[in-house]
Amino acid sequence: MAKTSPTAYWTVRLANERLALRLPRQPVLASVGLLLALLALLALSLMLGSYSMSPAEVWQVLKGLHAESDRAIVVWEFRFPRTLVAALVGAMLAMSGAALQNVTRNGLADPALVGISQGAGLAVVTLTIVWPQLPGAWYPWAAFCGSLIVAALIQGLSWNRQGGSSIRFILMGIGMAAFITAITSALLTYGDVQRALSALAWLSGSLHTAGWPDVQMLAVWLVVLMPLALGLSRAMAALQMGEDTAVGLGVSARRVRYALISVAVALAAIATAVVGPLGFVGLIAPHAARRLARSGVGLHLLLTATLGAFLVMLADLLGRVLFAPIQIPAGLVTAIIGVPFFVVLLHRAQAKTTF
Amino acid sequence: MTAAAVAPTGSRQHLWLGLSALPLCVLAVTVLFGWHVAVGARSVPLGTVFQALLHFDPSQFDHIIVRQLRLPRAVIAVLVGASLAVAGALLQGVTRNPLAEPHILGLMAGASFAVVMVIGVFNWLGGFWLPWVAAAGALMAALVVWLIAQWAPGGATPLTLTLAGAAMTAFLTALISVAHLLNQDSFEQLRVWLVGSLAGSGRELVWVALPWLGFALALAMLLANKVTILAMGDEVALGLGVRTGWLKIQALVCVVALTAGSVALAGPLAFVGLVIPHAVRLFFGSDYRWIVPYSALIGAGYLLGVDIIARLILRPQEIATGIVTALVGAPLFIHLVRQRAR
């Protein structure tokens with residue numbers, strides 16, 4: 001931050017100069033802009049679809065007019081919860097990616113690339129096929145356990161006498177993802193056809209079944225996990241300078257690493273439990289946020305979350321509108337957007353930090 | 001003989017081992033072949049199997065099952081197993097990358113994508129041009145993956161190649177799924193094929209793919225000698241008079257033909273090309289004159305065995321063969337990463 005000139009900050013003095021805040025101008029502007037874009041996207045998502053509406057009509061419905069009409073049902077029962085789920089899931093996956101990239105010090109880490117989402121997927125598919133009578137509240141917990149086991153396995157396996165290695169971590173993750181996908185496919189062939197089909201739709205990362213209960217659950221979890229992630233942001237900043245420096249700065253590197261991995265896994269697992277594996281969001285959002293505005297770790301995390309929400313909302317909207325009435329699952333759209341991005345990142349990766 | 005001069009120490013031991021293991025391996029493959037034909041929803045005694053193969057009697061029901069249904073599948077398993085194992089071995093030698101394999105490097109995704117697109121758009125299934133389409137897709141995918149890896153800092157290392165391959169696979173898989181959703185009717189029949197299965201394809205496809213695989217396997221045997229030298233490094237190979245660029249192009253053509261033929265026959269079967277060459281290397285060292293033929297032989301036996309397992313576990317249902325190869329291969333991949341990647 002040494003390069004930035006003094007004018008890059010706004011200073012807010014409150015309560016007779018007893019409380020002063022120095023706000024970096026660029027990230028604050030970026031967040032405001034992103035929030036506006038998010039609102040615009042929300043409006044678009046409510047308007048567009050197989051039953052299009054004008055902005056005025058949507059506004060009327062939102063104000064509570066025509067409560068019993070078809071329009072109200074479309075907006076309140078289908079589009080609104082779906083868009084909110086997209087936003088929440090995007091925010092969670094993006095933060096998970098940011099935390100994961102920080103822990104592994106690898107800019108290419110993404111929960112769906114290293115098998116963490118697949119672990120959640122396997123757990124949920126097992127639940128739907130083997131114990132279909134269990135209530136939906138179990139799914140996030142199962143997903144969390146599945147992801148945690150995968151994360152622990154990759155982390156444990158990529159750790160050897162020379163210490164951890166980010167290359168091993170990511171390659172290990174790719175192998176693990178292939179392995180878990182195979183088990184999931186085997187389960188699908190074994191299980192009952194109807195249940196297998198519903199699991200198959202879920203596995204491509206689709207939001208079409210999202211409803212208000214999902215919104216509630218995601219919101220509760222986000223409220224729990226987001227402060228945790230933000231609380232860890234100072235330690236994350238120290239870890240970015242390398243483990244030795246972090247220890248010198250008084251950070252318990254080991255404990256912070258475990259805490260960060262747990263938070264990253266929890267975020268990814270819960271998002272996956274609701275919408276299925278949604279790739280590349282956790283990869284794109286942190287990098288894009290960094291390019292949008294240079295900022296400290298905490299603010300960067302917030303920007304990342306907003307960007308992730310934006311991305312998934314956009315992916316869902318595109319998948320819904322492009323080939324209407326056929327709906328393309330958001331997971332496919334994020335993969336198609338994400339891979340070229342991944343290639344560019346691979347090109348940019350600094351030989352010293354990543355390899 | 002340059003090759004003899006650069007052959008690794010202990011090559012006499014390998015010669016002895018290589019020659020003496022040959023009848024054993026051939027015997028094992030033959031037995032597996034017979035067992036593969038015998039096993040299924042209706043078990044056929046092994047004696048009847050060999051009788052049906054040697055003295056075919058069209059009035060017997062079991063003989064018809066063996067000849068019409070089981071035999072093509074076993075032949076496909078042999079062909080595909082041998083081809084994929086050899087393709088993996090060549091890729092590993094030429095890229096000097098222990099993780100290289102047609103599936104990991106995205107070649108299979110390219111071939112599948114091309115086939116799916118052609119079938120989906122022109123609504124036309126199978127036939128003479130199928131391997132050509134698959135080959136075009138595999139070649140494009142291989143070139144793009146290689147370019148991406150070259151473009152990354154540090155060049156085409158095992159890491160960048162693997163990551164580029166994984167990215168390529170993710171991208172093309174997503175596109176295939178989108179195409180599937182857009183045109184469900186014509187893609188329904190491809191569902192099983194896309195997981196990698198030996199069940200779907202018929203006898204006529206064997207005759208289409210056979211020239212491809214035969215040509216490529218023969219070419220692989222011819223190249224094996226020089227690949228051994230290339231595996232020691234480009235400088236060494238140049239110094240010993242190998243035209244490395246030309247050799248790499250030949251190897252690429254060979255790998256693409258093998259992958260295309262296999263994908264046309266059985267869909268994308270993951271990790272066969274990874275497991276077999278590594279297993280072969282354990283016994284026969286790093287001389288590709290041994291690795292290539294034994295990869296073909298053991299790969300054939302391996303896929304026969306895997307297909308037997310896939311049909312036995314959940315009898316009378318069967319798992320797609322590709323699932324079983326991934327279940328076996330992915331742990332080996334993880335092990336290799338753990339050992340080799342720094």
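Residues numbered from 1 in each chain as written. Chains lettered and ligands numbered in written order. Predicted model: local features only at pLDDT ≥ 70, side-chain atom pairs only at ≥ 80, totals over all residues. Heavy atoms only, no water.

### A word on the overall build of chain B
- The secondary structure content of chain B amounts to 15 helices and 0 strands.
- The burial tally for chain B puts 56% of its 342 residues in the buried class.
- A sequence separation of at least 24 residues applies to 76% of the contacts in chain B between residues at least 6 apart.
- Element-wise, carbon and sulfur atoms account for 69% of the exposed surface of chain B, whose accessible area totals about 14,500 Å². (Helix = DSSP H or I, 4+ residues; strand = E, 2+ residues; numbered from the N terminus. Buried < 20%, exposed > 50% of the residue type's maximum accessible area, 1.4 Å probe, protein only. Contact = heavy atoms within 4.5 Å. Areas by Shrake-Rupley, 256 points an atom, 1.4 Å probe, with all protein chains shown as cover.)

### Remarks on the overall build of chain A
- Within chain A one finds 15 helices and 4 strands.
- Seen through its principal axes, chain A has C-alpha atoms that stretch 60 × 55 × 35 Å.
- In chain A, which comprises 355 residues, the proportion classed as buried is 53%.
- The long-range share in chain A, meaning contacts at least 24 apart out of those at least 6 apart in sequence, stands at 72%.
- Accessible surface, chain A as shown: approximately 16,300 Å² in total, 66% of it carbon and sulfur.

### Describing helix α4 (residues 116–130) of chain A
- Counted at 1.5 Å a residue, the expected span for α4(A) with its 15 residues is 21 Å, and the 21 Å between its end C-alpha atoms agrees.
- In terms of burial, α4(A) is a largely internal element, 13 of the 15 residues being buried. (Expected span 1.5 Å × (residues − 1).)

### A word on the interface of chain A and chain B
- With 42 residues of chain A at the contact, the number on the chain B side is 36 residues.
- Together, Leu171(A), Leu346(A) and His347(A) form the three largest contributors to the area buried by chain A at its contact with chain B, with a combined 16%.
- Applying the counting rule to chain A against chain B returns 0 salt bridges.
- Linking chain A with chain B are 1 residue pair in polar contact (both at pLDDT 80 or more).
- The set of elements that each furnish at least two residues to the side of chain A that touches chain B consists of α5 (138–157), β3 (159–160), α6 (166–190) and α14 (330–348) of chain A.
- Tallying contributions element by element places α6(A) first for the side of chain A that touches chain B, with 16 residues. (Buried area = accessible area lost by both parts, 1.4 Å probe. Salt bridge = Lys/Arg side-chain N within 4 Å of Asp/Glu carboxyl O. Polar contact = N/O pair within 3.5 Å; in protein donor to acceptor, adjacent residues only side chain to side chain.)

### Looking at the side chain of Ser233(A)
- In this fold, Ser233(A) is placed in helix α9 (residues 233–240).
- Excluding residues that lie within four positions of it along the chain, Ser233(A) makes contacts with Val297(A) and Gly298(A).

### Section: the environment of Asp110(A)
Residues and elements named next belong to chain A.
- On the secondary structure map, Asp110 appears in the loop between α3 (70–104) and α4.
- In this structure, the C-alpha to C-alpha distance between Asp110 and Gly97, residues 13 residues apart in sequence, is 5.2 Å.
- Here Asp110 is in contact with Leu100, Gly279, Phe280, Val281, Gly282 and Leu283, once residues within four sequence places are set aside.
- Engagement of the side chain of Asp110 in a polar contact is seen with the backbone nitrogen of Phe280, the distance being 3.3 Å.
- At 3.2 Å, the side chain of Asp110 forms a polar contact with the backbone nitrogen of Gly282.

### So, a nonpolar patch on the surface
- On the surface, Leu318(A), Leu322(A), Phe323(A), Ile337(A) and Leu182(B) cluster together to form a nonpolar patch covering roughly 420 Å² of accessible area.
- Structurally, Ile337(A) can be placed in helix α14.
- Taking relative accessible area as the criterion, Ile337(A) reaches 37% and is therefore assigned partly exposed. (Patch = residues over 30% accessible without salt bridge, like charges linked within 9 Å, V, L, I, M, F, W, Y side chains within 5 Å.)

### Quick word on the nonpolar core
- Among the nonpolar cores identified, the biggest contains 232 residues, and Val85(A) and Leu265(B) are the most heavily contacted of them.
- Broken down by element, this core gets its largest block of residues, 17 residues, from α3(A).
- Counting 8 residues, the second-largest nonpolar core is a separate cluster that includes Leu34(A), Ala289(A), Ala293(A) and Leu303(A). (Core = buried A, V, L, I, M, F, W, Y, C linked by side-chain atoms within 4.5 Å.)

### Here's the deal with the pattern of salt bridges
Residues and elements named next belong to chain B.
- Scanning the model with the defined rule gives 5 salt bridges over all chains in all.
- One salt bridge connects Arg73 with Asp307, and the closest N-O pair in it is separated by 2.8 Å. Taken together, the residues span a long stretch of sequence, with Arg73 in helix α4 (residues 61–95) and Asp307 in helix α14 (residues 288–312) at a distance of 234 residues.
- Judged by its relative accessible area of 10%, Arg73 is buried.
- With its nearest N and O atoms 3.3 Å apart, the salt bridge here joins Arg96 to Asp234. Taken together, the residues Arg96 in the loop between α4 and α5 (107–122) and Asp234 in helix α11 (residues 234–239) connect sequence positions 138 residues apart.
- Classification of Arg96 by relative accessible area gives partly exposed; the value is 37%.

### A look at the packing of α14(B) against helix α15 (residues 321–340) of chain B
Residue and element names in this part refer to chain B.
- Contact pair α14 / α15: the axes reach a minimum separation of 9 Å and the direction vectors enclose 115 degrees. The orientation of α14 relative to α15 falls into the category roughly perpendicular. For α14 against α15, the interelement crossing comes out right-handed. Contact with α14, carried on its side by Tyr302, Leu303, Val306, Asp307 and Ala310, involves Thr321, Val324, Thr325 and Val328 of α15 and no other residues of that element.
- Of the residues that constitute the contact of α14 with α15, the class distribution is 6 nonpolar, 2 polar and 1 charged. (Axes fitted to C-alpha atoms, helices over the stretch in contact; angles between N-to-C directions. Parallel < 35°, antiparallel > 145°, perpendicular 65-115°, else oblique. Left-handed = near helix turned anticlockwise from the far one by under 90°. Nonpolar A, V, L, I, M, F, W, Y, C, P; charged D, E, K, R; others polar.)

### Digging into the packing of aromatic side chains
Residues and elements named next belong to chain B.
- Applying the stated criterion across every chain, the model contains 8 aromatic pairs over all chains.
- Ring geometry for Phe284 and Tyr294: centres 4.2 Å apart, planes at 15 degrees, overall stacked. Of this pair, Phe284 sits in helix α13 (residues 272–284) while Tyr294 sits in helix α14, placing them 10 residues apart in sequence.
- With relative accessibility at 4%, the residue Phe284 sits in the buried group.
- With a centroid separation of 6.2 Å and an interplanar angle of 45 degrees, the aromatic rings of Trp290 and Tyr294 are classed as tilted. (Phe/Tyr/Trp six-rings, centres within 6.5 Å; stacked < 30°, edge-to-face > 60°.)

### Focus on the confidence of the model for chain A
- Of all residues in chain A, 92% have pLDDT values of 70 or greater, and the mean over the chain is 80.
- When the criterion is pLDDT under 50, residues 1–6 of chain A qualifies, and its contacts beyond four places in sequence or with other chains add up to 4 contacts. (pLDDT = per-residue confidence, 0-100.)

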